[in-house]
Structure formats: structure tokens, C-alpha cells
Amino acid sequence: MTKLNNISPELLARLPVLASRWRAGECDAAEFAALYFFHWQIAIYGQAFASRKRKHDPRPDAAVWLKVLETAEGERLRPLLLDWLERYQFRGVIGNVPVALLQWLRGAWPLILREDIPSPRDILRWQARGTRAATVITAWPRAREPVLNKSDAFAFFRHDLEHAYKFYHSPALYAGQCAFFARLEAAVDRGVFAPYIHEAEFVIRFHYLMSDMNTHPEHSRQYLRAILIEFYRRRESKAHTEWLSAEAERAIEEVMRDVHAVTPLPSDGVGQGPSALLRWELTPPSERLSA
């Protein structure tokens, strides 16, 4: 759990009040997300919550910023949030997070604000349609408790924004991810993965692919192939040095075709099928010629 300064319990107890402003329409989703971010930053780090990017800008003052945030509303709020996010850097936060907030506030990255934890299937559906969600938990003291594998609600929120950056920042990569997730969703809907979802180990990795893997689509395809190979290794009790059965090889190829993700196999005599390719990738270069 994040270590908080003395002011933090009272400050974080205001989160439900901020949420009520959003629900009442006093601010939109992106503005509320930025308010949530600033309140958490100050709660955690106090006066050391931010620093200037340029020397001619005024030093950030936590008390002043909180006072301004309490009174700013309507047309004043968004320019203020944009200005601060552009001109300051924030302690303990990677630069992708304020960039995601900026782009959300500008309307460039259409994120969905949620107060619950979406299922991997929900996230897959949204990504196939070109968006992602960011979760804000405001109930006190629930917000200070772990959320899935993150230490608290703020860590989970930052994680969502980090993924938003990975999803949107490159137009070409964004298009490729959307296309991959659309094909994956269609395959799930057709029941392509029905033979695999009874096994808990596979489900954990498949849910990760669905909801927590924003990368080049070729990397995602390779990951899908790898978890299918590992599924059949467990099922057939095969070591990493052993070939899978021809039946398993065919099943993997069928799944990869169903998601339009067939990858060329090596032609250097290592063997055929996806398990052969995985073995090839794990073979040290010095040993490949004799494989």
C-alpha cells in the first residue's frame, strides 16, 4: 500500500465528494480523472508532489492548487488542468500518465471512465472498438486497499493510463492493435477457445492477452501461439525439448488461422509446426545449425 503523508487521510476522504461533482454533471469524465490524479498526488507526496519543467514557471504549491481545484468549475476547469499537466512533472509517475490525461482532456484519446473493475472480456470488446477504460475507486477507505495486483486505487488508475498511452500513442500501432483485438474477439465469439477455457493456467494467460497486453500485434500473436503450445505441453506432459503430437500441432494451427495470425515457420530443418518454432526461438544461435 502506498505510504501517505499526514494530510492524506482527510484529503483522500474527499474523493467521494469529487465523484459526486462528476455524477452531477459539474465536470466531465476526463476532468474528474484529472482531479482524481491531483488529489492522490498531493495526498501521497504533499508539497513534493510535482516539480517545474521550466525555471520561469512558479513552483507548484500543494495548498494553493487544492484551493484552486475546489473553486474552479465550468469553463475555467479544463484549461487549468491542461496547463498544469503540460507545465509540470509529477513525482513517482512516469511521463506517459500525464500525457494520457492530457490527450483525454483534449478529446484525442476517447477513454471510458469506470467505477468498477471491468472483466477481461469487456476490455477486449472495447479495444476491438478502439477504446479502453480507466477505473476510479473513490469509496473511503476502499480506495486505500489493494485492487487486483495493485497496491491501491491510485496505482490501479495509473496502470490504466499507462496502458492507454501504449494503446493510443502510435497511430499505426493503434490500428494494428484494434485489428488484432477485433479478430480475437470474433474468434472468442465463435467458440474457437472453448476447448481451452476449462484450464485455469491457460485462462490466466489468455485474460492477460485480452486485457493487459498493449504492444505490437505481432508480439501479441506470438504470445498467443506460445500459450497454446504451453497448454498442449501440459496436456501431453511434454518437456520443452520434446515435440508436440501432430494432433496438437494441427489444433494450434487451426486457432492461429481462426484469428488470422499464421506466422511463417523456419525452413532450416528444425522441424514443422508451432512447437518447432518455439523450440527454435529458445535454441541458442550457436546450436541452431546442428538442430
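Just above sits the structure.
Chemist: I would appreciate a short explanation of the overall build of the chain in the present structure.
Modeler: Along the chain, the regular secondary structure elements total 14 helices and four strands. Looking at the chain as a whole, 48% of its 291 residues are labelled buried. Summing over all exposed atoms, the chain offers an accessible surface of approximately 14000 Å²; the carbon and sulfur share of this is 53%.

Chemist: Would you mind showing me how to read the environment of Gly95 here?
Modeler: Along the chain, Gly95 turns up in the loop between strand 2 (88–90) and helix 6 (96–106). As a C-alpha pair, Gly95 and Glu162 span 67 residues in sequence and 9.0 Å in three-dimensional space.

Chemist: When you look at the nonpolar core in this model, what are you seeing that I'm missing?
Modeler: Soluble, globular proteins show a tendency: their nonpolar side chains are buried together. If you look at the biggest cluster of nonpolar residues, it comprises 85 residues, and the most contacted ones within it are Phe37, Phe90, Phe157 and Phe193. If you tally residues by element for this core, the top one is helix 3 (residues 29–45), at 12 residues. In contact with Phe157, other than residues within four places in its own chain, are Ala33, Tyr36, Phe37, Leu101, Ala134, Thr135 and Val136.

Chemist: Mind showing me how you'd approach unusual backbone geometry here?
Modeler: If a residue is not glycine, its phi is most likely negative; likewise, a peptide bond is most likely trans. Cis peptide bonds are those with omega within 30 degrees of zero, and the linkage from Trp140 to Pro141 qualifies with 10 degrees. With respect to the helices, strands and loops of the structure, Pro141 is situated in the loop between strand 4 (133–135) and helix 8 (153–168). Unlike most non-glycine residues, Leu148 shows phi in positive territory, near 50 degrees. Mapping Leu148 onto the fold places it in the loop between strand 4 and helix 8.

Chemist: Please explain the packing of helix 7 (residues 120–128) against helix 10 (residues 200–211) as it appears in this structure.
Modeler: A pair of packed helices is captured by two measures, namely the crossing angle of their axes and the spacing between those axes. Viewed as axis vectors pointing N to C, helix 7 and helix 10 meet at an angle of 30 degrees, and their least axial separation amounts to 8 Å. In this structure, the crossing between helix 7 and helix 10 has a hand that is left-handed. Residues Pro120, Arg121, Ile123, Leu124 and Gln127 of helix 7 lie in contact with helix 10, whose contacting residues are His207, Met210 and Ser211. The residue makeup of the contact of helix 7 with helix 10, split by class, is four nonpolar, three polar and one charged.

Chemist: Even after reading the chapter, I still don't get the packing of helix 7 against helix 9 (residues 171–189), so can you show me in this structure?
Modeler: The N-to-C vectors of helix 7 and helix 9 enclose an angle of 130 degrees; their axes lie 7 Å apart at closest approach. Classified by the interaxial angle, the pair formed by helix 7 and helix 9 is oblique. For the pair helix 7 and helix 9, the sense of crossing is left-handed. Two secondary-structure elements touch here, helix 7 through Arg121, Leu124, Arg125, Gln127 and Ala128 and helix 9 through Cys178, Phe181, Ala182, Leu184, Glu185, Val188 and Asp189. For the contact of helix 7 with helix 9, a count of residues per class yields seven nonpolar, one polar and four charged.

Chemist: Explain the packing of aromatic side chains here, please?
Modeler: The tally for this structure, following the rule as stated, stands at 30 aromatic pairs. Both rings, one in Tyr196 and one in Phe231, keep their centres 4.8 Å apart while their planes meet at 75 degrees; by these two values the pair is edge-to-face. Residue Tyr196 is found in the loop between helix 9 and helix 10, and its partner Phe231 is found in helix 11 (residues 217–236); the two are separated by 35 residues along the sequence. With a relative accessible area of 2%, Tyr196 lands in the buried category. On the accessibility criterion, Phe231 (2% relative accessible area) is buried.

Chemist: Explain the pattern of salt bridges to me, please; I cannot follow it from the model alone.
Modeler: Opposite charge on two side chains allows them to pair when their charged atoms are near. Overall, the coordinates contain 20 salt bridges when judged by the stated rule. The shortest N-O distance in the salt bridge between Glu26 and Arg21 comes to 3.7 Å. Of the residues examined, Arg21 reaches a relative accessible area of 12% and is grouped as buried. For the salt bridge of Glu86 with Arg106, the shortest nitrogen-to-oxygen distance reads 2.5 Å. In this pair, Glu86 sits in helix 5 (residues 77–87) while Arg106 sits in helix 6, placing the two residues 20 residues apart along the sequence. Residue Arg106 is classed as partly exposed on the basis of its relative accessible area of 46%.

Chemist: Any chance you could explain the side chain of Arg132 here in plain terms?
Modeler: Note on placement: Arg132 falls in the loop between helix 7 and strand 4. Among buried charged residues, Arg132 stands out as having no salt bridge; its nearest opposite-charge side chain is Asp160, 4.3 Å away. Within the structure, Arg132 has its side chain in polar contact with the side chain of Gln127 (distance 2.7 Å). At a separation of 3.3 Å, a polar atom in the side chain of Arg132 contacts the main-chain carbonyl oxygen of Ser211. Setting aside residues up to four positions removed in sequence, Arg132 forms contacts with Pro110, Leu111, Ile112, Ile123, Gln127, Asp160, His163, Ala164, Phe167, Tyr168, Ser211 and Asn214.

What counts, and at which threshold
Residues numbered from 1 in each chain as written. Predicted model: local features only at pLDDT ≥ 70, side-chain atom pairs only at ≥ 80, totals over all residues. Heavy atoms only, no water. Helix = DSSP H or I, 4+ residues; strand = E, 2+ residues; numbered from the N terminus. Buried < 20%, exposed > 50% of the residue type's maximum accessible area, 1.4 Å probe, protein only. Areas by Shrake-Rupley, 256 points an atom, 1.4 Å probe, with all protein chains shown as cover. Core = buried A, V, L, I, M, F, W, Y, C linked by side-chain atoms within 4.5 Å. Contact = heavy atoms within 4.5 Å. Axes fitted to C-alpha atoms, helices over the stretch in contact; angles between N-to-C directions. Left-handed = near helix turned anticlockwise from the far one by under 90°. Nonpolar A, V, L, I, M, F, W, Y, C, P; charged D, E, K, R; others polar. Parallel < 35°, antiparallel > 145°, perpendicular 65-115°, else oblique. Phe/Tyr/Trp six-rings, centres within 6.5 Å; stacked < 30°, edge-to-face > 60°. Salt bridge = Lys/Arg side-chain N within 4 Å of Asp/Glu carboxyl O. Lys, Arg positive; Asp, Glu negative; His and termini not counted. Polar contact = N/O pair within 3.5 Å; in protein donor to acceptor, adjacent residues only side chain to side chain.

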